[in-house]
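Descriptive analysis of the structure
What follows is each chain in one-letter form.
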Protein chains: 2
Amino acid sequence: AGDNPDLTKARQSANFHPEDVTAFLFGSKEIVERKREISRKASKFQLIQIAADTDLANSVPLEFLSREKLIEEQCRKASLMVKKVHELVDVSNQAEMKQLNEEVFCIEGFPFFLHFGMFLPVLQGQAHEELAAEFLPRAMTLGIIGTYAQTEMGHGTNLRELETTATYDKRAEEFVLHSPTRSAMKWWPGNLGKMSNYAIVTAQLIIDGKRYGPHNFLVQLRSEKDHRPLPGITVGDIGPKFGAGGLDNGFLGLDRVRIPRTRMLMKHAKVARDGTYTPPIHSKLNYGGMVYVRAHMSHTQANGLALAVTVATRYSAIRRQGRIAAEQVSYPELNAYCSQPEVQVLDYQTQQYRLFPQIARAYAYRFVGDEVLELYQQTMKGIDNGEAALGIEQCRMACGGHGYSLASGLPKPYAIVIAGCTYEGENMVMLQQAARYLMKSVKRAARGEKLSYSVQYLGKTGAARSSIGRCEGQREKEYEAMLSSLEHVARRLAQEACVLWNKRIEAGETKERAWNGVTVEMNRAARIYTRLFIARAFHRRVTSAPASVRPVLIDLLSLYLHYECVDMASHLLHDGHCTGEQIKHIKQKLYEDLAKIRPNAVSLVDAFDISDRQLNSVLGKRDGNVYEALYQWAKASELNYTDVLPAFGHLQQMMEENRAKI
Amino acid sequence: AGDNPDLTKARQSANFHPEDVTAFLFGSKEIVERKREISRKASKFQLIQIAADTDLANSVPLEFLSREKLIEEQCRKASLMVKKVHELVDVSNQAEMKQLNEEVFCIEGFPFFLHFGMFLPVLQGQAHEELAAEFLPRAMTLGIIGTYAQTEMGHGTNLRELETTATYDKRAEEFVLHSPTRSAMKWWPGNLGKMSNYAIVTAQLIIDGKRYGPHNFLVQLRSEKDHRPLPGITVGDIGPKFGAGGLDNGFLGLDRVRIPRTRMLMKHAKVARDGTYTPPIHSKLNYGGMVYVRAHMSHTQANGLALAVTVATRYSAIRRQGRIAAEQVSYPELNAYCSQPEVQVLDYQTQQYRLFPQIARAYAYRFVGDEVLELYQQTMKGIDNGEAALGIEQCRMACGGHGYSLASGLPKPYAIVIAGCTYEGENMVMLQQAARYLMKSVKRAARGEKLSYSVQYLGKTGAARSSIGRCEGQREKEYEAMLSSLEHVARRLAQEACVLWNKRIEAGETKERAWNGVTVEMNRAARIYTRLFIARAFHRRVTSAPASVRPVLIDLLSLYLHYECVDMASHLLHDGHCTGEQIKHIKQKLYEDLAKIRPNAVSLVDAFDISDRQLNSVLGKRDGNVYEALYQWAKASELNYTDVLPAFGHLQQMMEENRAKI
């Protein structure tokens, strides 16, 4: 049938080659080619397997399956994939593995998600030699399936007060793992419920009645023979959630479960046979587990948003609705109008205002991904996942009613990305860690000490008045002016929060009580610090891009900066740094940016090069033949297996009785 | 076991009687008493029925059911409810019926949702006498089940260009209903897929080749005898969605389906036997259907938010996490600390900042509900559902990880409320209708003409400088100052948007093109107009409240106004109306409001008087015994029917093979 002609036209209107941008995003044309080869192989493989009835493909859209059936489907594919994985990808290449997982399992979660994401890396990073020798070979080849069980029903963020205990029994040279209360049950770990037969369990180490804080222990949960829970182990699925139905997040109760002393992960902290405790050199080394999730997460955020803007932008080029000039016309005069096609919704300014900043943001997140990762590992854990999640919702709503259907492929990514606001620790708490770092840096700056890279601006003075709009026609100077103004805001908010905190301390509050009285201001400062960092990194990356892609990326950067300034207008105006006129100027420029991006919009999202399988969206598929596909998708609904639902019998009888009464 | 002691303590700390507030919210103590009686009856009824195994209660939590099972469960309960409804409520009382529906069906949707919500009211409002006589008796007694089929796969907001046609065949005196294209299929109507045997179908009326725009027709979809689709009718479920899994949103294709002329709803527009068309007196009368949904919706928004803050506030009083003063302490010194309970998360300022404004908002929405309804029917359709939905998400995230579980009862209300942004028409389009009204009013004001109630402020001049913070100690004057400042902003934005629009027209653009170039500014103006309206109405309502409840409501009002001013700070600062110092002052007052509300928070949400059945939340239940209940809930997961999932066989074999290789 060919592609939807509106999409083809949109692609022809671009003034850059999306292939060049894709290569820049992924690193090189070769990497992109390899990526596509994997897509092709996976889909070819899939076709062969359909014939053999043991395919990697989804027999019906995953969205239609109950959780039980969904997990069955993922198990089936997982066992098959393990056998064939070497034909498809280089298993030592993380990016290739990640892509394959997405192509095969979509967004639903799969049986080895935590095994490879947490269990294996923690085992590699924290197990002492003896333990590693015993378990790593089996873990690496999937002879066992493991997970990482840290959070409890009653404790997520405050790890130091986890309730699960690991009490050392000197005589037996064993640890006794125990859940003393209901709220001590491990709760939430992925793949814990039904898939894993081993887990690394975080528990309070107790020796001779003394507590030494949380440490990690390798605990066997289920028999290797029949997968039944072992004595003392209560394990199961925690039930349905907002998203990730295919993931068996689980609970785990431990009733005085004994494990050998050597099953503690003792690369860093150690317990000798006689109970002598040797602390780790760095106290943080023992909690390291979540870092892997965080690294993974920043990619999830960026990819989720890229996926959502791809769907919404393509569909907005296809979807036609209303007429800009028809407001005053009515029937039957409207008949003449109706011979012309309606307006592509992408031509409405409000739609552009909704979507294009999200495209810019998706690019920014993709570009700064690696730098943010670095920052994570340093100090800053407060990156606002909420931004990406809100962006996805904007994209979903921009698709009108159909965005609400799971056929759009948009509700699930939202549910996954928004989980990032809690699953690696309460977002507010993360922000406060960033704020603490900021406060330390403010004090260092005040003392004239050396500042690390991300907070250099705290040591600068900067101009009291913004020069935005004063360098008409000199784009690079304008960007620098906006970045300087964002720095001005970030600096002022950090300093003011510090002053407020100090005032409370001087008034006699303890440091910590005083902190609780200013946390809203602290979070605000931390959030803007994060946003400034992203803006700076995006700018660096774009201005150093190859000439073939630079112009279109600069348009995105321009939109990004203007949008950030509008969003922070209250802070820019607050101390007279900007005037109302300057804000008006920025808004005007922003509207011009929207118009500039319009012809490039579809190609900009094409350049993310997300395969239709990864996209998993009827509305967003590359060929744009949406409406027929939507109907075919809906027909697969479990409710459509029969014309009349068996369950309807209840109501059929009721109606008959009611009619008889009239 | 008694209530959770933290909750009991929180309730004792309140300085008002929640019963008084509840009576004020619902109208009188008698209404509240009746409401509770229905709750009691419903639950008693339920117990009797459990014994008889035909209960109204849910056999397992609805969250665990597949869509098919869920709909079966709702059908079962629905047929039973119809028989017993007179024992439980006064069926002529809408509020009682609504409550009963919530107690019985929770938030999942039910088989008569559209029948009573749309089909019946449209039939009553638009059918001519003859048609009403034939169908109303059966419709009112559920001898038939109907729905309202308006939106199509390709058209939602632009109703005038719906593709379904109703062509009059003069000779046969019949209309021929037809879907000429794939995108013409009716798509989305609730209960259309499997439940309804009749529908009011909106279609383009065509007589003698001339189009007369959309009109409504009563079409039989399924046999009354066996519920099978009639010839020419293609009908089914559109598949899973973000929320409302229990509702069979459907599709409908019509293949030259013939209906008698008299099945057109002809109370307003008419087609005579000979094909003579008589238009309705008011052209809008024919599209009236959606108005009913809108009326219903404003309640959904308010209730959804009230529900979410109830859950989050109660759980935040129960949940203890971290220690304000423990940051610097580490093991083993921390042991001493651990004998004291951790901090209730409701004591963290960030948590208060997240939740309390949502409590204030929930009250505001509840209070202004009726006024907004009035406004809807007048002119303004742009109420921002997004605000309520975002509020619900804030509440969900404030519950930490457990907020993500369906056990919290929070993901589903979000999915339902956010649907309001699209299901009654694209939110942006609604805002633009409000903006058009605003622009008309700006022009009227400029000509010195009389302005209607909601836009009076456009005719005022107002002070150039805000007096916020200048009336220390005089609370009422402060509120008036804030309201005046919000008016100042609303007026300025409306006027500026008007100027921008005119400039483009003067520069030669058509009125409509010019409009599309300023829609972002128009929407902004419309949104603030809406918010001002709510703030004014909330203020009116609170200041006229009885003395017993006024003080605590005034605290909420104060928080609400301060929060709105902070949120609109950029607009307040823009033209120097407020100074940075004034904004600081407002923030300071806002933090003081949070502290004031803290002891009343739990009682304020208790006063919404939402029954545990309506709440349907493990985290938010009234007695606060959360953790045990969470475990009991999770055990019901479909994945826990067996210790080892049958599906795991795939992986069991895989692991064995892999281990054998080592």
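Residues numbered from 1 in each chain as written. Chains lettered and ligands numbered in written order. Predicted model: local features only at pLDDT ≥ 70, side-chain atom pairs only at ≥ 80, totals over all residues. Heavy atoms only, no water.

Some thoughts on the overall build of chain A
Let me state the cut-off plainly: Each helix is a run of H or I in the DSSP string that is no shorter than four residues. Each strand is a run of E no shorter than two, and both are numbered from the N terminus. For every residue, the accessible area (1.4 Å probe, protein chains only) is compared with the maximum for its type, and the residue is labelled buried under 20%, exposed over 50%, or partly exposed between those bounds. Contacts are residue-level and defined by heavy atoms, with any inter-residue pair within 4.5 Å sufficient. Using a 1.4 Å probe, the Shrake-Rupley method yields the accessible areas, and only the shown protein chains count as cover for residues.
On a plain count of helices and strands, chain A comes out with 23 helices and 11 strands. A burial count over chain A gives 64% of its 662 residues as buried. Considering only contacts within chain A whose residues lie at least 6 apart along the sequence, 73% involve residues at least 24 apart. Total accessible area computed for chain A in this model is approximately 24,500 Å², and 54% of it derives from carbon and sulfur atoms.

A short note on the interface of chain B and chain A
The line we're drawing: Note: buried area is the sum, over both parts, of the accessible area (probe 1.4 Å) each one loses when the two are combined. A pair is scored as a salt bridge if a Lys or Arg side-chain nitrogen falls within 4 Å of a carboxyl oxygen belonging to Asp or Glu. We call two N or O atoms a polar contact when they sit within 3.5 Å, provided that within protein one can donate a hydrogen and the other can accept it, with sequence-adjacent residues counted only if both atoms are side-chain atoms. Amino acids are sorted into nonpolar (Ala, Val, Leu, Ile, Met, Phe, Trp, Tyr, Cys and Pro), charged (Asp, Glu, Lys and Arg) and polar (every other residue, Gly among them).
Taken together, the contact pairs 155 residues of chain B with 155 residues of chain A. Summed over both partners, the interface of chain B with chain A comes to about 13,500 Å²; 59% of that surface belongs to carbon and sulfur atoms. Taken together, chain B and chain A are joined by 6 salt bridges. As a salt-bridge pair, Glu628(B) and Arg182(A) come within 2.5 Å of each other at their nearest N and O atoms. Remark: the boundary between chain B and chain A carries 62 residue pairs in polar contact (both at pLDDT 80 or more). Considering each element in turn, the side of chain B that touches chain A owes the most residues, 10 residues, to helix 4 (residues 67–88) of chain B. Split by residue class, the side of chain B that touches chain A holds 66 nonpolar, 44 polar and 45 charged.

Topic: the relation of the copies chain B and chain A
Counted only if it meets this: For this overlay, a least-squares fit was computed on C-alpha atoms, restricted to residues scoring pLDDT of at least 70 in both copies.
Taken as rigid bodies, chain B and chain A are interconverted by a rotation of 180° and an axial shift of 0.0 Å, the fit giving an RMSD of 0.0 Å. Taken together, the rotation and translation relating the two chain copies correspond to the operation of a two-fold axis. In terms of proximity to the rotation axis, the leading residue of chain B is Ser570(B), whose C-alpha is 1.7 Å off the axis. Both copies contact each other with a shared surface, as 100% of the interface residues of chain B are interface residues in chain A too.

Examining the packing of aromatic side chains
Selection rule: Here the aromatic set is Phe, Tyr and Trp, taking the six-membered ring for Trp, and pairing holds for ring centres within 6.5 Å; pairs whose planes are under 30 degrees apart are stacked, those over 60 apart are edge-to-face, and all others are tilted. Throughout this description, the term charge over a ring refers to an Arg CZ or Lys NZ atom that lies within 6 Å of the ring centre and within 35 degrees of the ring normal.
For the structure on display, the rule yields 50 aromatic pairs over all chains. Centroid distance Phe64(A) to Trp633(A): 4.5 Å. Interplanar angle 45°. Geometry classified as tilted. On the criterion of sequence distance, the pair formed by Phe64(A) in the loop between helix 3 (29–52) and helix 4 (67–88) and Trp633(A) in helix 22 (residues 626–635) is long-range, its members being 569 residues apart. One exposure class covers both Phe64(A) and Trp633(A), and it is buried. Centroid distance Phe242(A) to Tyr414(B): 6.3 Å. Interplanar angle 80°. Geometry classified as edge-to-face. With Phe242(A) in the loop between strand 7 (233–237) and strand 8 (250–254) and Tyr414(B) in helix 12 (residues 411–423), this pair bridges two chains. Its relative accessible area of 13% is what places Phe242(A) among the buried residues. The rings of Trp188(A), Phe242(A), Tyr404(A), Tyr414(A), Trp188(B), Phe242(B), Tyr404(B) and Tyr414(B) are connected pair by pair, giving a single aromatic cluster. Note that Arg436(B) overlies the ring of Trp515(B), its terminal NZ or CZ placed 4.4 Å from the centroid.

Digging into the pairing of strand 7 of chain A
All names here are of chain A. Going by this rule: In this scheme, strands are said to pair when DSSP sees at least two bridges between them.
Where burial is concerned, most of strand 7 is hidden: 4 out of the 5 residues are buried. In terms of strand pairing, strand 7 meets strand 8 through 5 bridges, oriented antiparallel. The residue bridging Val235 from the neighbouring strand is Leu252, located in strand 8.

Details of the pattern of salt bridges
Residues and elements named next belong to chain B. Scanning all chains against the criterion turns up 89 salt bridges over all chains. Between Asp609 and Lys35 there is a salt bridge, with the nearest N and O atoms lying 3.2 Å from each other. With a gap of 574 residues between them, Asp609 in the loop between helix 20 (601–606) and helix 21 (612–615) and Lys35 in helix 3 (residues 29–52) connect regions that are remote in the sequence. For the pair shown, Asp609 and Lys35 are each scored as buried.

Observations regarding the nonpolar core
Condition: Among buried residues, the Ala, Val, Leu, Ile, Met, Phe, Trp, Tyr and Cys ones that are joined through side-chain atoms within 4.5 Å form a nonpolar core.
Among the nonpolar cores identified, the biggest contains 269 residues, and Tyr363(A) and Tyr363(B) are the most heavily contacted of them. Once residues lying within four places of it in the same chain are set aside, the contact partners of Tyr363(B) are Val21(B), Leu25(B), Phe538(B), Leu553(B), Leu556(B), Leu604(B), Ala607(B) and Phe608(B).

Some details on the sheet that holds strand 8 of chain A
Residues and elements named next belong to chain A. Spatial ordering of the open sheet is given by 4-8-7, a layout of 3 strands whose pairing is antiparallel. Among the strands making up the open sheet, the edge pair consists of strand 4 (186–187) and strand 7. Summarising the sheet, strand 4 and strand 8 pair through 2 bridges and their orientation is antiparallel. Bridge assignment links Lys186 to a residue of strand 8, and that residue is Leu252.

Quick word on the environment of Val89(B)
Residues and elements named next belong to chain B. By secondary structure assignment, the location of Val89 is in the loop between helix 4 and helix 5 (94–105). Considering only alpha carbons, one finds Val89 and Lys241, 152 residues apart in sequence, at a separation of 32 Å. Each residue touching Val89, except ones within four places of it in the same chain, is listed here: Arg34, Ile38, Glu96, Met97 and Leu100.

Overview of the domain arrangement of chain A
In plain terms, the rule: Segment limits for the domains were obtained from an automatic or database-derived domain assignment.
When cut into domains, chain A gives domain 1 (145–281) and domain 2 (433–607). Centre-to-centre separation of domain 1 of chain A and domain 2 of chain A, based on C-alpha positions: 43 Å.

So, the packing of helix 14 (residues 475–506) of chain A against helix 17 (residues 550–567) of chain A
All names here are of chain A. Applicable threshold: The angle between two axes is taken between their N-to-C directions and runs from 0 to 180 degrees, where each axis is a line fitted to C-alpha atoms and a helix contributes only its stretch in contact. Take the far helix as the reference: if the near one is turned anticlockwise from it by less than a right angle, the crossing is left-handed, and if turned clockwise, right-handed.
Two elements in contact, helix 14 and helix 17, have axes separated by 10 Å at closest approach and are oriented at 35°. Crossing angle aside, the handedness with which helix 14 passes helix 17 is left-handed. Each of Arg475, Tyr479, Met482, Leu483 and Leu486 in helix 14 lies in contact with helix 17, whose residues at this interface are Ile554, Asp555, Leu557, Ser558, Leu561, His562, Glu564 and Cys565. Class assignment for the residues of the contact of helix 14 with helix 17 results in 8 nonpolar, 2 polar and 3 charged.

With respect to the sheet that holds strand 8 (residues 250–254) of chain B
Each strand in a sheet pairs with another by means of backbone hydrogen bonds, the pair being arranged parallel or else antiparallel. Within the open sheet, the 3 strands sit side by side as 4-8-7 (chain B). Their pairing is antiparallel. Of all the strands in the sheet, just strand 4 (186–187) and strand 7 (233–237) of chain B have a single pairing partner and so form its edges.

Some words on the confidence of the model for chain A
All names here are of chain A. For the record, the criterion: Known as pLDDT, the predictor's confidence for each residue is given on a scale from 0 to 100.
Taken residue by residue, chain A gives an average pLDDT of 87. The fraction at 70 or more is 89%. In the model, residues 47–55 has pLDDT below 50 throughout and makes 12 contacts with residues more than four positions away in sequence or in other chains. The model gives residues 377–383 a pLDDT under 50, and that stretch makes 21 contacts with residues more than four places away or in other chains. With a pTM of 0.88, the predicted complex shows an ipTM of 0.86.

Observations regarding unusual backbone geometry
Unlike most non-glycine residues, Leu142(A) shows phi in positive territory, near 60°. You can see Leu142(A) is positioned in the loop between helix 7 (129–140) and strand 1 (146–149).

Describing the environment of Gly403(A)
Topologically, Gly403(A) is positioned in the loop between helix 11 (385–398) and helix 12 (411–423). With 129 residues separating them along the chain, Gly403(A) and Asp274(A) place their C-alpha atoms 62 Å apart.

Re the side chain of Asn516(B)
Note that Asn516(B) resides in helix 15 (residues 511–516). For Asn516(B), a relative accessible area of 13% corresponds to the buried category. Beyond its immediate sequence surroundings of up to four residues, Asn516(B) is in contact with Ile324(A), Asp347(A), Tyr348(A) and Gln349(A).

Remarks on the state of the cysteines
So the rule is basically this: Disulfides are defined as pairs of cysteine sulfur atoms found within 2.5 Å of each other.
All chains considered together, the criterion is met by 0 disulfides over all chains. We note that Cys565(B) lacks a disulfide partner, and the nearest cysteine sulfur, in Cys578(B), lies 7.0 Å from it.

Details of the side chain of Glu478(A)
All names here are of chain A. Stated precisely, the cut-off is as follows: Neither His nor the chain ends is counted toward charge; the positive residues are Lys and Arg and the negative residues Asp and Glu.
Mapped onto the elements of the fold, Glu478 is located in helix 14. Buried Glu478, no salt bridge; nearest opposite-charge side chain is Lys589, N-O distance 7.1 Å. Glu478 has contacts with Ser467, Ile468, Gly469, Arg470, Cys471 and His585, leaving out every residue within four places of it along the chain.

Some remarks on helix 16 (residues 519–543) of chain A
Which entries qualify depends on this criterion: The span you would expect from a helix comes to 1.5 Å times its residue count less one.
For helix 16 of chain A, which comprises 25 residues, the first-to-last C-alpha distance of 36 Å matches the rise-based estimate of 36 Å (1.5 Å per residue) to within 8%. Most of helix 16 of chain A is tucked away: 21 of the 25 residues are buried.

Side note on the pairing of strand 1 (residues 146–149) of chain B
Residue and element names in this part refer to chain B. Alternating residues of strand 1 divide into Gly146 and Tyr148 and Thr147 and Ala149, and every residue in both groups is buried. In this sheet, strand 5 (residues 198–207) lies alongside strand 1 in parallel orientation, the contact comprising 4 bridges. Bridging from a neighbouring strand, Tyr148 pairs with Ile200 of strand 5.

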